[in-house]
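Residue-level structural notes
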Amino acid sequence: MESKTPPFMHLQYSEETAADLLGRQSVRTTFKLSERSIDALSLLAGQLGIKQKSLFDHLIEDIQALQMIAREFENVGQRSQRVPKTYVISRKTLKNLERVSEEFNTPRDALVEYSIERILPLLLREKEKHTKRKVLLDDLRHYLRLGSELLEHAETELGQSDPVFQEILTMVRAVDGCSRAVEQSVARGSRIENF
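Everything in this summary refers to the structure shown in the same document. (Residues numbered from 1 in each chain as written. Predicted model: local features only at pLDDT ≥ 70, side-chain atom pairs only at ≥ 80, totals over all residues. Heavy atoms only, no water.)

1. Description of the pattern of salt bridges
Heads up, the condition is: Take a side-chain nitrogen of Lys or Arg and a carboxyl oxygen of Asp or Glu: if they are within 4 Å of each other, that pair is a salt bridge. Segments assigned H or I by DSSP are reported as helices when at least four residues long, segments assigned E as strands when at least two residues long, and all are numbered from the N terminus. Relative accessibility decides the category of a residue: with a 1.4 Å probe and only protein chains considered, values under 20% of the type maximum give buried, values over 50% give exposed, and everything between is partly exposed.
Summed over all chains, the structure comprises 10 salt bridges. One salt bridge in this structure joins R82 and E113, with 3.5 Å as the shortest N-O distance. With R82 in the loop between α4 (63-72) and β2 (83-90) and E113 in helix α6 (residues 108-117), the pair connects residues that are 31 residues apart, well separated along the chain. By relative accessible area, E113 is classed as buried at 0%. E126 is paired through a salt bridge with K129; the nearest N and O atoms lie 3.8 Å apart. In this pair, E126 and K129 are both assigned in helix α7 (residues 120-158), 3 residues apart and thus about one turn of the helix distant. Among the residues examined, E126 registers a relative accessible area of 6% and is labelled buried. In this structure, a network of salt bridges that share partners links the residues E126, K129 and R133.

Here is the structure:
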């Protein structure tokens, strides 16, 4: 009897594939950044629901952007009030950062700082969305109050055993669950209000 090996078991991996996988390996490294940049990275990752590592890797893996930053800012390293902060990033990201830093004689910290500055417009858009979410939450709470009043009216007019009362009850419960989920979302985003 012939054993059937799944076709994926015969795939060949090249050294390029192995190097790519090693490049995704996580490493810890410390940068000295402004508190504004540290907060921006943390807030945006939280707002988007992604890990800081993913956002950091996305920003720093863009070699062309790093080179443009390094060319544009000769005195990029001269910023006041920097705080040491350790991040988990991919090995590939760290190599790219160090390569551009050496090539253009620009401090790593400065490259990271200005890379993070690139996300500030996105962070400001998220802040605007947060404000709109708060308004919608107020509207949702009002809608829930109206639904509750309708439920009370249906109970008075029809009684709890009536199928129309039961449908309205189901609707009010669904809106209540939705309202709680929106409240949690708005609460998570509240940190962005002070940015």
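Structure shown, so let's carry the discussion forward.
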